[in-house]
Every structure is written in structure tokens, then in C-alpha cells.
Amino acid sequence: MFRTASPDPSVETRFRGIVAAVYVSILCLMAWIFLHQWQSYRSAIDALGDFDAYRAALNAVTRLSAERGPAGAILGEELPLPAERIARLALVRQQSDASLRRLQELLETARCEHCTDELDTLQHVRTELSDARAQVDGLIRLPRSERGDAQVDAAIQRSGNMIPTLQSIAATSVIGALEGDPKVVTYLYTAAFATLLRERAGLAATYFIPALTAHRPLHSTEVLAIERTLGNISQLQMLVQSSVLRLQSLSNNAPTAANQHYFDNGVQLITDLLGKASETEEPGVTIGEFTDQMLPPLQAVTRLRDQALQLAEDSLRHNLFMRRVTLIATVLIGSILTAIVLFLVRQFHRQVILPFVEARAFVSAIAAGDFSHQPPARDYHGEIKDLFAALMLLRQSKEERLKLEKERDQLIRELRTMASTDPLTGLNNRRAFEHKAEALLAERRSPHPYVALIAFDIDHFKRINDTYGHETGDRALQRLAELCRETWREGDVIGRVGGEEFCTLTLIASPDEASVSAQRLRQRLHDERITAVDGRAFSMTASFGVSHASRQQAPALDALLRHADALLYRAKSSGRDRIETDPLSQAIRGSV
């Protein structure tokens, strides 16, 4: 819009100030709302990431707990070890490693302050696990009779020492998930209790391994440890059942299967074996058989955990979806409201403010002699319409003046080109050649260490003119100019410095390079056929004088020209159609 200098703010200025204040207030409010929704959305994403780490940590706990069973089973076998036991142990170890790698990947990609500490803790777990496995592997290479109770018990218990550390990682990760969606607390607690149930049952089973391996009754300390673990299982059973009652969306199959297989069958199996192993050395079951019988009850409670985790994930993803929808809706509604406000403001400005402002601006511009403003596209009436019509005529007058100025500038450029260009060949004339050659010699950015000046002219050019006519001679000169452009680079300076004499100044990497280019042009002339005006065809030759100089010595152009002319004269004196060149001469070096 047009503005005029005035001591007091114009109507448009005051209007723009009010609109700007209102608009900035609206933008600030929308930005605050958007930032709030964005933080909620990012919190939901982070909660889902923390949940994935929590689930991976629980899965790692389960895998490490499951590894103790096959390890104990193989410790109870005689040498040679059964292949299926070895394969089973290798499989569960692979599953444990995969779960730990998955947990590490999630912690590395998560956005949390505590992830670095958890990664260090996880690395410690992997190191301890490797040492525990090495201890088990060392025992299974011994005959079963040489596997002492203390060694077996230490190896098995060491395999499970990392589980509490993994549980602490899970406890840290669950905080972020709960902050993102507090409604999942029951699902997460159910999954945690189910994981503990799985781990407690596995721990109780490990207390049987030394006695079953040595074929002896349980010691009192082992009985006490098993009974204490069974008490923990009983407490966890009540916690799981109370959590399940609050989960209406949980399928009844998983809790029922957990009660039937885990509490009724699995716990009963431990209790029965506890009674037999406390009284006799032959409880009627091997370690491998016992671990195989415990597998279905443990799988039932694992399925309960997985279903609770799936419900938690569904809730978190639904929460993320709703926050994404809310964020998008906030942006859309804010954009629509902002657009409506802008439209109303624009219409008010267009219909009320603008006609008066434009009329005043155009009158002031005409008074000041400024005709650069475009007339408005709207259809005004009355005096304003007449005023804008007059301004349009003034604008057309200014455009014609600018057009004449452009034509004048173009003519000046053409005159400058004509003053520096040979009209016949289009090459630089002598004055332009010397000017550009001096500039090229002063160039310091080029990597080429040498400079060469090549002087050449057409042999017996007067004979060509006398035989075929001056028009044909002009054709020969024009063709030679075209070959020069094709032979040398765009940055080289080429000029017609006499009637049939030409010069080229070029920067080169080695002195031989200039002779090579001159030879290339000489060969092209041999192959070229010029058609005369009367239709006859003829060829022509040229003689060349090539002078070189090192750029470090800053050679002078006149010295290069004199030396090249001397070499050209020698070429003509030696029979023409040849190239004469010398190494760097003292004359050129001395003239620097």
C-alpha cells in the first residue's frame, strides 16, 4: 500500500497497528494451545517408547528365568550329554540374547534422561550373564559325579542374579508409560506380577537342582528357601487376582488358564516334589523331567502377562491416536479461525479504508513527481476514476521513456563490442587483444605455471586474393577464425592483429602444450577445403611462431609478441607451413 509522509499517523497506519495487535494476540493464544497439545502428543509418543522398553525388560526377565531350567536339566545329565538338552540350552540362550539386544536397541533410541545409566546397567547384566554361562559350561564338561552341590548351586543362582537388575530397568521405564497414560497402571501391574510369578516359580525350581543332581535329600536351608518362595508366590497370586478383577477387558481364558495350570498344577508340582525330596534320595523324577513338567504352567502365566501387556499397548496407542487427532484438530481449527479473522479484516480494509488511502497516496505521488505506482485494479467511480485515468497516461509516458533508455544502453553496448571486435572474423581486434592479454597475464588464480603466445598467419594470402578474389580471401579468414575457436579454450585470448596475422595467448601446464595446439590447428588447415566464390576449392597453410614464458617471471606482453613474431618470421624463412618454437629465451626473461 502507498504511504505519505505526515506528522500524524495515517488512517491506514492506525488501522494496521490495531490489526497487528489483535492478530499477534490471536497468534500467541494459538501458539500456546498448539504447544500444549504438541507436548501432550510428544508425551504420548515417549510413553509408548517407555512401554516398549518396559515390555522388553519384562521379556528379558522371563527369558533369563527360563534359561535356568535347561541349565539345571543339563547339569543333571551324565556324560555324554543328550543332544536335545544341548540344543534346548542353546535355544533359550539365543532367546535371552535376542531379548537383551532388543532392550538395548529400545534404550538407545529412547528420549529419556535415565537411558544412559540403564544402558550401562544392561551392559553389566550382559557381562555377568556371559560369566555365569561360562561357569555352567565349565561344570557340564565334568562327569556328573564331580559336579559338587556348592558348584551347581552357585552356577544356577548366578544365572538368576541379573534378574533383579533387569526388574529395576523395567521399574524405571514404567514411570514414563504411566505419565503418558495413567489408565494403564492396572495392566502394567498385572504384567509385572505375572512376570514375578514366572520368575518365582523358576527360582523355586532351581533350589531342587543341587539335590536332584547329587541324588540326595534336600537340606533344611533348601527347604526353607523353597517354602519362602512358595509364600511369595501365594502373595503374588492374591495381587494378580485382585488386578484381574479390575480388568474388565481382559479375556477370561488367560486368568483361568493361569489359575489352573500355574497355581493348581505348577505350584502343586513344586509342593509334591518338596515333600518327596525332603524325605528320600529318589523323588522319582530327574531334573530334566521336572523342568519339562514345569514348562506348561509357566507358559500359562506368561500368556496372562502378554495379554495384559497387549491391553496396555492398545490403550497407549489409542491415547496416542486421540492426542494426534487433537493436535491436528487444534491446528485446523486455529488455521480456520485465523483465516476467517484475516478475511474479515481484509474485507473491511478493502471496502472502507483502502479507497481513501489510495486516493490520497496517488495525489501525493503525482505532486511529488513519482509515477512508479501501479493503478488499482478496482473499479472506482467519479473523480477518483478520472484521477486514476490521468495517472495511467503518465505511467505510459514513463514506460516509453524507460524503453528509450534501454535502447540507448543496448546501442552503447553494441558500439563497445564493435570497437573491440574485428568485424570480419568476430575475433578480438588488436587493441582488444592487447587489453585482454594483459588482463590474462595478470591473472593469479589460474593453476597453469606457463604462458604461451602463438603468432600465425596464412601462407601466400596475397596469392589467394589474387587468384580467387578478395571475397574468397575473406571466407578463408572467417574459416580460420572458426578453427581457432574450436582449437583453443574459451578463456584463451584470440585476436586478429593484422591483415592475415592472428595471435593467441593461452595459459598452459607445460611448454609442449602450446605447440600441440598449434600443430592441431595446422593439421586442421591441411584437412580443410575452402570453396571459392566461383566454386573452385583450395586448401591453405599457415606458419606459426610459439613463444613461452614462466608465469613466475611475469613476462611482458610486448616481449612475448616480439619473440613470437621473430619465430614466425623464421618459420616463413624456413619454407612456411611449419611451427617454430624455442625454449624460454633470455630475451623474454630479461624484459620482465
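For the structure, see preceding data.
Residues numbered from 1 in each chain as written. Predicted model: local features only at pLDDT ≥ 70, side-chain atom pairs only at ≥ 80, totals over all residues. Heavy atoms only, no water.

*Asks:* Even after reading the chapter, I still don't get the pairing of strand β2 (residues 493-496), so can you show me in this structure?
*Replies:* It is a general feature of regular strands that their side chains alternate between the two faces of the sheet. Because side chains alternate across β2, one face comprises the buried residues V493 and G495, and the other comprises I494 and R496, equally buried. Between β2 and strand β3 (residues 501-508), which follow one another and run antiparallel, lie four residues. (Buried < 20%, exposed > 50% of the residue type's maximum accessible area, 1.4 Å probe, protein only. Helix = DSSP H or I, 4+ residues; strand = E, 2+ residues; numbered from the N terminus. Pairing = 2+ DSSP bridges.)

*Asks:* In this structure, what is going on with the pattern of salt bridges? I would like to understand it.
*Replies:* All chains considered together, the criterion is met by 27 salt bridges. For R158, the salt bridge goes to E128, with nearest N and O atoms at 3.8 Å. Of this pair, R158 sits in helix α4 (residues 149-159) while E128 is found in helix α3 (residues 115-140), placing the two residues 30 residues apart along the sequence. With a shortest N-O distance of 2.6 Å, E482 and R479 are connected by a salt bridge. Of the two residues, E482 and R479 are both situated in helix α14 (residues 470-487); the distance of three residues between them amounts to about one turn of the helix. (Salt bridge = Lys/Arg side-chain N within 4 Å of Asp/Glu carboxyl O.)

*Asks:* Explain the environment of R324 to me, please; I cannot follow it from the model alone.
*Replies:* For R324, the position within the fold is in helix α10 (residues 287-368). Overall, R324 belongs to the partly exposed group, its relative accessible area being 31%. Remark: the alpha-carbon pair of R324 and R42, spanning 282 residues in sequence, is separated by 9.3 Å. Among the polar contacts listed, one links the side chain of R324 to the side chain of Y41, at a separation of 3.5 Å. (Polar contact = N/O pair within 3.5 Å; in protein donor to acceptor, adjacent residues only side chain to side chain.)

*Asks:* Explanation requested: the sheet that holds strand β6 (residues 542-550) in the structure shown.
*Replies:* Hydrogen bonds between backbone groups are what pair the strands of a sheet, and the pairing can be parallel or antiparallel. Spatial ordering of the open sheet is given by β2-β3-β1-β6-β7, a layout of five strands whose pairing is mixed. Either end of the sheet is taken by a strand with one partner, and the two such strands are β2 and β7 (579-581). Pairs of neighbouring strands in the sheet enclose a mean axial angle of 15°, with direction left out of account. Two elements, strand β1 (residues 450-458) and β6, share nine bridges in a ladder whose sense is antiparallel. Within β6, the residue paired with A455 across the bridge is G545. (Axes fitted to C-alpha atoms, helices over the stretch in contact; angles between N-to-C directions.)

*Asks:* How do you make sense of α4 when you look at a structure like this?
*Replies:* Of all the positions in α4, only V152, A155, I156, Q157 and S159 are classed as buried. On its buried face, α4 is in contact with α1 (11-75), α3, α6 (185-206) and α7 (209-214). (Contact = heavy atoms within 4.5 Å.)

*Asks:* Any chance you could explain the packing of aromatic side chains here in plain terms?
*Replies:* Aromatic rings considered in pairs are described by the distance between their centres and by the relative angle of their planes. All chains considered together, the criterion is met by six aromatic pairs. Centroid distance F34 to W38: 6.4 Å. Interplanar angle 20°. Geometry classified as stacked. Here F34 pairs with W38, and both are found in helix α1, just four residues apart, close to one helical turn. Between Y468 and F538, the ring centres sit 4.3 Å apart and the planes meet at 15°, which makes this aromatic pair stacked. Taken as a pair, Y468 in helix α13 (residues 461-468) and F538 in strand β5 (residues 537-538) lie far apart in primary sequence, 70 residues in all. (Phe/Tyr/Trp six-rings, centres within 6.5 Å; stacked < 30°, edge-to-face > 60°.)

*Asks:* Just to check I follow, could you spell out a nonpolar patch on the surface for this structure?
*Replies:* A contiguous nonpolar patch, built from I328, L332, I333, I336, L337, I340, F343 and L344 and spanning about 790 Å² of accessible area, is present on the exposed surface. The topology assignment puts I328 in helix α10. (Patch = residues over 30% accessible without salt bridge, like charges linked within 9 Å, V, L, I, M, F, W, Y side chains within 5 Å. Areas by Shrake-Rupley, 256 points an atom, 1.4 Å probe, with all protein chains shown as cover.)

*Asks:* Which parts of the structure should I look at to understand the pairing of β3?
*Replies:* Counting buried positions over the eight residues of β3 gives seven, a clear majority of the element. In the sheet, β1 pairs with β3 via eight bridges, with the strands oriented antiparallel. Its bridge partner lying in β3, F456 is registered against F502. By the bridge criterion, four bridges tie β2 to β3 in an arrangement that is antiparallel. Paired with I494 across the two strands is T504, which belongs to β3.

*Asks:* Is there a simple way to think about the packing of α1 against α6 in this case?
*Replies:* Two numbers describe a pair of packed helices, the interaxial angle and the distance between the axes. The contact between α1 and α6 brings their axes to 8 Å, and the two run at 15°. Between α1 and α6, the crossing angle belongs to the class labelled roughly parallel. Our pair here, α1 against α6, has a crossing hand that is left-handed. Across the interface between the two elements, F51, Y54, L58, V61, T62, S65, A66 and R68 from α1 touch L188, A191, A192, T195, R198, E199, G202, L203 and T206 from α6. Along the lines of polarity and charge, the residues of the contact of α1 with α6 split into nine nonpolar, five polar and three charged. (Parallel < 35°, antiparallel > 145°, perpendicular 65-115°, else oblique. Left-handed = near helix turned anticlockwise from the far one by under 90°. Nonpolar A, V, L, I, M, F, W, Y, C, P; charged D, E, K, R; others polar.)

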